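Residue-level listing of the chains:
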Amino acid sequence: MRKNRFLFNKHVVAMATLGALAVPLPVLSNEPGVLVEQVCASCHSLNNLERSAGYSKEDWQTLISYMVDTGEGTALSKDISTYLAKHYPVNTKRESTVVKGDLKLTFKYWQVPTLGQRARDPVQGKNGIIWWVGQWGNILGKLNPKTGEMKEYTLPSGTYAHSVSLDKNQTPWFLGNKNGTVGYLDLTTEKFKVYKMPDKNARDPHTGVFDSAGIFWFTLQHSNMVGKLDPKSGDIKLATLPTKGSRPYGIKLDSKGTPWVSCNGSNCLIKVDKNTMTLSEIKLPGAKTHTRRLAITPDDMVFYVNSGMGKLGRYNPKNGKITQWDNPSGKNSHPYAIEYADNAIWFNESAKRPETLVRFDLKAQTMQSWQVPSKDGVYSGLIRHMRMGNNGLIIHQTATNQIAEVTWASK
């Protein structure tokens, strides 16, 4: 059964539940423009409407239903969708460019239970179970893709996790983006174990990865730090990036277990000495360059998405050479998530509608892209993280609260 994050009764809001906080809200306006401001701005910026690709009245209703429960066929639902369709109709200003090729993709979707949670960063264990976090709903979620069964756990108050990673025992670890914590769910007791950051300036654990020794490496974006946690002792060590405002974001390991970090606030990559935590900065070309995430191939080539300039990049640690390729949809495509799979680099163009998934063939150095389908024709996106699962890529659509598996075959 779908849970309601927000429950609206006609034009009166009784109460909205955000995580563990119950917040009473005022009576809603009868004026459609003000009504939209009150409802939509309670969760996100109204700039999202200006940047949207627009929808029909019916599709606006569908998109709204993924976020809040306005009640099917109610005056509230009709008033909001009618206003949005009039002022934000279908447009092509964010149209994507598709490059045809020889592969055909199949997308399998699951709709998570709780509305408005902003489901993100799913990861699949070797046992097949997929875990995700619902950042705005303060949720850790579990999905059995064979049966479709899902279970959601309410995280400790104030956590608002940004991502989830699995250790060698398939235990899900979360990063408390709002309360400076790292923790895990004990699968036997179904209780949480939480570790607090040792430095008050380490406020926002972001993305993490386990090395072969069981050490958990993670980034802290706005704190401008990289951290590591030893689960055996609970000891946490932190290191600050050399350039202020670098905003460390994605993190991956090479074949030697060396952590590499992408910079979302500066034109750099960071190589971390796994023994000393000494940080080495590699400058990337272009002042507007910033890199959301990265992927590392088996031969230790470091690929990154140049989110600021709409490019795919590669750094060769052996000779220091940097190569970049333009994205199919151009400089404003904002590539975001990235992964290595099946002799190719996969990434998305998150600023386009429909959002595109791109495959870069490593041997031929050519690209093929696909518009990402979304349930009921609603293309609000977006993929913030993708990781290879047991059969294909495991992705998500944050705005519509969906988890998906992407598989491929020759046409």
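In what follows, the structure referred to is the one given above.
A quick note: this is a predicted structure, and the numbers were derived from the prediction, not measured.

Teacher, can you tell me more about the packing of helix 3 (residues 57-67) against helix 4 (residues 75-87) here?
The description of two helices packed together rests on the angle between their axes and the distance between the axes. As a packed pair, helix 3 and helix 4 sit with axes 8 Å apart at the nearest point and diverge in direction by 120°. With respect to each other, helix 3 and helix 4 are oriented oblique. Helix 4 is crossed by helix 3, and the crossing has right-handed handedness. For the pair helix 3 and helix 4, the contacting residues are Lys57, Trp60, Gln61 and Ile64 in the first and Ser77, Lys78, Ile80, Ser81, Thr82, Leu84 and Ala85 in the second. When its residues are assigned to classes, the contact of helix 3 with helix 4 shows five nonpolar, four polar and two charged.

Honestly, the sheet that holds strand 5 (residues 119-124) in this entry has me stumped. Any pointers?
Hydrogen bonds between backbone groups are what pair the strands of a sheet, and the pairing can be parallel or antiparallel. The strand order across the open sheet formed by four strands is 5-6-7-8, and the pairing between neighbours is antiparallel. Edge positions in the sheet fall to strand 5 and strand 8 (150-154), since each has one partner strand and no second. Adjacent strand axes in the sheet meet at a mean angle of 20°, parallel and antiparallel pairs treated alike. The pairing of strand 7 (residues 139-143) with strand 8 spans five bridges and is classified as antiparallel. Its bridge partner lying in strand 8, Gly141 is registered against Glu152.

Parameters at a glance
Residues numbered from 1 in each chain as written. Predicted model: local features only at pLDDT ≥ 70, side-chain atom pairs only at ≥ 80, totals over all residues. Heavy atoms only, no water. Axes fitted to C-alpha atoms, helices over the stretch in contact; angles between N-to-C directions. Helix = DSSP H or I, 4+ residues; strand = E, 2+ residues; numbered from the N terminus. Parallel < 35°, antiparallel > 145°, perpendicular 65-115°, else oblique. Left-handed = near helix turned anticlockwise from the far one by under 90°. Contact = heavy atoms within 4.5 Å. Nonpolar A, V, L, I, M, F, W, Y, C, P; charged D, E, K, R; others polar. Pairing = 2+ DSSP bridges.

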